[in-house]
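Listed below are the residues making up each chain.
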Amino acid sequence: MCWSASADLVAGGVIGAVGVACAARAARVRRRALPLAALPLLLGAHQLVEAVVWNAGGGTGPATLVWAVIALPLLPLWVSFGVLCVVPHRERRRLVIPVAAAVATSAVLAYVLVTKPVAAEIRGHTMGYAIGLPYAPVLLAGYLLGTIGALVMAGEKGLRLLGILAGVGAAVCAMVWRLEFISTWCAWAALCSVVLFRWVGTEQPAPPSQRGGPVRGSQVA
C-alpha cells in the first residue's frame, strides 16, 4: 500500500499479477470486459510508480507527475468507459451522468497538471500530493461519480461490490487521512480491484431473446 516503498513494491507486484490474470481471462471469455479487467494491472503499476516516488523522497520529479496523471485524469476515464463497454447498449443511458462527470472532471484535472506543478511529500507512513486544485469539492464529487458512481450503476453484482468497497474506502480515507486522501484511496482501490478477477469469470446475463419463456412474434407451424 502507501506505507513505504517496500509495501508499494509488494502490493504493486501482487495486484499487477492479478491484473495480468484478469486481462488474460477476459480475452478468453469476455472480451468486452477487457478494459475494466485490466484495471488491476493499471493500479498495480500505479503502486510501483509510487514506490519510485518514495525512493526519491517525494518532490516534483517525473515519477510524481506520472503518478498524478494516472490517479487524477486517467482513472475516472478508464473506469467509466470500462463500465460503458460492459453494459449492454440498451442499458447505457443510465451511465450518461457518470461518464459525463468523468470526462469533464478529467479534462479539468489534465489542464491543472499541464499548468501547475505537482509535489509529493512524505508524511510519516503516508504520501501527500500538493496540486492546488481549483473548486476541489466539485472536482472530488465529479471524480467519485465517474468512478464509484459508474461501478455502482453498472447493474452487475461484481461491479457494484467493487463500487461499494471503493466508496467505503473513500469515506474512511477522507476521515483518517484528509491531506493524503488521494494516495491512500488509490492504494485501497488497488487492493479492492482484485474482486474483478472473479467477476470476469462469472457468466454473463443472457439477452432477452435467449432467456426462458416464449418469444413474441414467433409462429407455430
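All of these numbers come straight from a predicted model, not from anything done at the bench.

**Thoughts on helix 4 (residues 62-86)**
Thought 1: Helix length check: helix 4, at 25 residues, gives a terminal C-alpha distance of 34 Å against a target of 36 Å (1.5 Å per residue), a fit within 8%.
Thought 2: The axis of helix 4 is deflected most strongly, by about 55 degrees, at Leu 74, and proline Pro 76 appears within four residues downstream.

**Some words on the packing of aromatic side chains**
Thought 1: Taken as a whole and judged by the stated rule, the model has two aromatic pairs.
Thought 2: Here the aromatic rings of Tyr 143 and Trp 185 are separated by 5.9 Å at their centres, their planes lie at 70 degrees, and the arrangement is edge-to-face. Taken together, the residues Tyr 143 in helix 6 (residues 136-152) and Trp 185 in helix 8 (residues 181-192) connect sequence positions 42 residues apart. For the pair formed by Tyr 143 and Trp 185, the shared burial category is buried.
Thought 3: Seen from the ring of Phe 197, Arg 25 lies directly overhead, with NZ or CZ sitting 4.0 Å from the centre.

**Section: the confidence of the model for the protein chain**
Thought 1: The share of residues in the protein chain with pLDDT of 70 or more is 89%, and the mean pLDDT across the chain is 86.
Thought 2: The element-level mean pLDDT for the protein chain is lowest in helix 8, coming to 82, with helix 5 (residues 96-115) highest at 96.
Thought 3: Below a pLDDT of 50 lies the segment residues 206-221, which in the model reaches five contacts outside its immediate sequence neighbourhood of four places, other chains included.

Parameters at a glance
- Per chain, residue numbering runs from 1 following the sequence as it is written.
- Two thresholds apply to this predicted model, a pLDDT of at least 70 for residue-level local features and 80 or more for giving and counting side-chain atom pairs, whereas whole-chain, interface and lining totals are computed over all residues.
- Side-chain metrics in this entry use all non-hydrogen atoms of the structure; hydrogen atoms and water are not considered.
- The helix and strand labels rest on DSSP assignments: H or I over at least four residues marks a helix, E over at least two residues marks a strand, and numbering proceeds from the N terminus.
- A helix is expected to span 1.5 Å for every residue after the first.
- The quantity called bend is, for any residue, the angle between two axes fitted respectively to the seven residues ending at it and the seven beginning at it.
- Think of it this way: a Phe, Tyr or Trp ring, Trp meaning its six-membered ring, pairs with another when their centres are within 6.5 Å, and the plane angle makes it stacked under 30 degrees, edge-to-face over 60, tilted otherwise.
- Note on exposure labels: buried denotes an accessible area under 20% of the residue type's maximum, exposed denotes more than 50%, and partly exposed covers the range between, all computed with a 1.4 Å probe on protein chains only.
- Remark: a charge is flagged as sitting over a ring if the NZ atom of Lys or the CZ atom of Arg is within 6 Å of the ring centre and within 35 degrees of the ring normal.
- A residue's pLDDT is the predictor's confidence in that residue, given on a scale from 0 to 100.
- When checking whether two residues touch, look at their non-hydrogen atoms; a contact exists if any pair is within 4.5 Å.

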